[in-house]
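# Per-entry structural report
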Amino acid sequence: MLTKLEQCIVDLYNIGVVKFGDFTLKSGMQSPIYFDLRIIISYPKLMETVAELMWEARPCKEYELVCGVAYTGLPIATVISTKQDIPMLIRRKETKGYGTKKLVEGNFTDGQTCLMIEDVIVSGSSVYETAETLRELELDIKDAVVFLDREQGGAGNLRSMDINVVSVTSMTEMLSILLKHGCVTQEISDSVLEFVKSNTATSIVSKNKTACNIGTDVMDRKKCSLESRMSTTSQPLTKRLFEIMVAKKSNLCVAADVTTSEELLTLAEKLGPHICLLKTHIDILTDFSKDTVENLKNLAAKHNFLIFEDRKFGDIGNTVANQYIGGTYNIVDWADLVTLHGLPGDGIIKGLMSCTSGRPRGCVLVSQMSSTGALTTQEYVSGCKKIAEQNQYFVVGFVSQSSVTDDPRFVVFTPGVQYNKKGDDLGQQYNTPRVAIMEKGADIIIVGRGITQAEDPVAAAVRYKEDGFKAYLERVSEQN
Ligand code: 5BU
């Protein structure tokens, strides 16, 4: 005799709710399992069972309201609302551009208790966004009930925001039921559990602050040590970058803007020990060949730095995918990081992500530029931040000239750094490393001609590295 939960999970499996394969989650994370509860709207009886199980799992006996988190939470909340005779609210994903412009539909009064209903949690950010809106309207939001907790940190994140979340089932329990009933092999089940175990460091971002999984503190990027930031991000390359910066005591990226492979490789060999990143403009080379990048990759491994191609992709997803993987340079093959513009919207990121085939890769959004008259307005910066938050598994951070984010997961890269000059004849503008880090909020300084055209590039690199790291240490140790 199957329990109600067992029967429900087997039924959900049979209608295709649980899928195994290679999926990209909302955050950009690649997952070997996808739980797609949306299709239960085609199976009313099963939807009723799901709603019953969720209602039975609720943390408190009574609530004055229920609110489904869009979209899959909505039909489930509707079933609970009508069955239990509890009024319901709907939180829109976006305000309407006409009429009342309300974000929340339905009648309510200050202080009413409201239970949030959601299908699945990964990081918990969708539940949090809804809670944040409802709390702004003075509703009493303490609890959420979800059908599946993917066990990737969402429940803890929500707890740190004072939201108690209970789930009908967890990934571990669901897999063991599916295994027992022959719906999944031991091998696949093990690989999913392994994936879940190694991807628990999700975090959520609210409008005003960032919730980190370090205690319940709200962290400001500029005040956080690199060590403490490692556990805030689920982007594997960002973690690696933090590790390299700590190990080498370097927040220096050299812009190796030279025209021959020999010059590029010589710079990489000599400066390698002092940098965390080497930035290229690969299309400047007059003699590019596959060997150039093979040798560069070897030097990156030898000296422990990442390769950062400043490609500034700027087209629709399909085009950038072709540019990233194809053409002369096959950039995805050798560049750990690439830059891109936010102008096309987040399809550009989806396009890049479609090329990685599981390789650890990341991108950096150009949100501001160092040149005079740059058209990167505040509105544009905000748009870039939104794209980054929605694609946190792929976005490493921003190129900018100011502290565009307080979020410790994202890295701020600042070009236009040099000691001796204020600028060049073509619009470039410079700050010193100290100003870039202490005043403009840089995590990483990008230095080109200040090093490559110095009489002794190695000595110059050492000076930029030491001053840069000293300024970082000073910034994190400074009291507010
Ligand atoms: P410089 O020689 O230190 O001026 O070189 C700066 C490098 O950073 C160079 O490769 C530029 O293409 C790059 N850069 C920049 O200078 N300003 C920006 O806003 C961005 C990139 Br984005």
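Going by the structure above, here's the rest.
Scope of this entry: the structure provided in the associated data block. Note that this is a predicted model, so its numbers are computed, not measured.

### So, the overall build of the protein chain
Summing up its helical and strand segments, the protein chain has 18 helices and 18 strands in all. On C-alpha atoms alone, the protein chain measures out to a radius of gyration of 25 Å, which is about the 23 Å that the 2.2 N^0.38 rule sets for 480 residues. Principal axes of the C-alpha set define a box for the protein chain whose edges measure 80 × 50 × 40 Å. The proportion of buried residues among the 480 residues of the protein chain is 53%. Taking contacts inside the protein chain between residues at least 6 apart in sequence as the whole, the part at least 24 apart equals 68%. With an accessible surface of roughly 21,000 Å², the protein chain has 50% of that area assigned to carbon and sulfur atoms. Positive and negative side-chain charges of the protein chain, numbering 52 and 60 respectively, have mean locations separated by a distance of 2 Å.

### Describing the site of the ligand
Around the ligand, the structure places 16 residues, and the nearest of them are Asp257, Lys279, Ser370, Tyr430 and Arg449. Contact distances for the ligand include 2.7 Å between an oxygen atom and a side-chain N or O atom of Lys279. One nitrogen or oxygen atom from the side chain of Ser370 is found 2.6 Å from a nitrogen atom belonging to the ligand. Look at the ligand: alone it shows 490 Å² of surface, and the protein chains cover 91% of it.

### A word on unusual backbone geometry
Peptide bonds are mostly trans, and most non-glycine residues show a negative phi. In this chain, Ala70 is followed by Tyr71 through a cis amide linkage whose omega measures -5°. With respect to the element layout, Tyr71 can be found in the loop between β3 (65–68) and α3 (73–84). Even without glycine at this site, Glu151 takes up a positive phi of about 60°. Turning to its location among the elements, Glu151 is positioned in the loop between β7 (140–149) and α5 (154–159). At Asn304, a position not held by glycine, the phi torsion is positive, near 60°. Note on placement: Asn304 falls in the loop between α11 (290–303) and β13 (306–313).

### Some remarks on the environment of Glu227
Residue position: Glu227 is located in helix α8 (residues 226–229). For the pair Glu227 and Phe242, spaced 15 residues apart in sequence, the C-alpha separation works out to 7.1 Å. Here Glu227 is in contact with Val246 and Tyr472, once residues within four sequence places are set aside.

### With respect to the packing of helix α10 (residues 261–271) against α11
At a minimum axis separation of 10 Å, α10 and α11 run at an interaxial angle of 5°. When the axes of α10 and α11 are compared, the pair comes out roughly parallel. For the pair α10 and α11, the contacting residues are Ser261, Leu264, Leu265, Ala268 and Glu269 in the first and Thr292, Asn295, Leu296, Leu299, Lys302 and His303 in the second. Looking at the contact of α10 with α11 residue by residue, the class counts come to five nonpolar, four polar and two charged.

### Some details on the nonpolar core
By size, the foremost hydrophobic cluster in this structure holds 83 residues, and its most contacted members are Leu241, Leu277 and Phe413. With six residues, the top contributor of residues to this core is helix α18 (residues 457–477). Apart from the residues within four sequence positions on either side, Leu277 is in contact with Leu241, Leu252, Cys253, Val254, Phe305, Leu306, Phe308, Leu337, Phe413 and Ile444. With 46 residues, the next largest nonpolar core counts Met29, Trp55, Val66 and Val184 among its residues.

### Description of the pairing of β7
Burial analysis of β7 places eight of its ten residues in the buried class, the great majority of the element. Following the backbone out of strand β6 (residues 113–121), through helix α4 (residues 125–136) and into the adjacent parallel β7, one traces a crossover that is right-handed. Judged from the six bridges that link them, β7 and strand β8 (residues 164–170) form a sheet pairing that is parallel. Its bridge partner lying in β8, Asp149 is registered against Ser170. Chirality of the crossover, the property in question, places the unit of β7, α5 and β8 among those that are right-handed.

So, how was this worked out
- Residues numbered from 1 in each chain as written.
- Predicted model: local features only at pLDDT ≥ 70, side-chain atom pairs only at ≥ 80, totals over all residues.
- Heavy atoms only, no water.
- Helix = DSSP H or I, 4+ residues; strand = E, 2+ residues; numbered from the N terminus.
- Rg over C-alpha atoms; globule rule 2.2 N^0.38 Å.
- Buried < 20%, exposed > 50% of the residue type's maximum accessible area, 1.4 Å probe, protein only.
- Contact = heavy atoms within 4.5 Å.
- Areas by Shrake-Rupley, 256 points an atom, 1.4 Å probe, with all protein chains shown as cover.
- Lys, Arg positive; Asp, Glu negative; His and termini not counted.
- Charge placed at Lys NZ, Arg CZ, Asp CG, Glu CD.
- Near = heavy atom within 4 Å.
- Polar contact = N/O pair within 3.5 Å; in protein donor to acceptor, adjacent residues only side chain to side chain.
- Axes fitted to C-alpha atoms, helices over the stretch in contact; angles between N-to-C directions.
- Parallel < 35°, antiparallel > 145°, perpendicular 65-115°, else oblique.
- Nonpolar A, V, L, I, M, F, W, Y, C, P; charged D, E, K, R; others polar.
- Core = buried A, V, L, I, M, F, W, Y, C linked by side-chain atoms within 4.5 Å.
- Right-handed = clockwise from strand over helix to strand, strands pointing away.
- Pairing = 2+ DSSP bridges.

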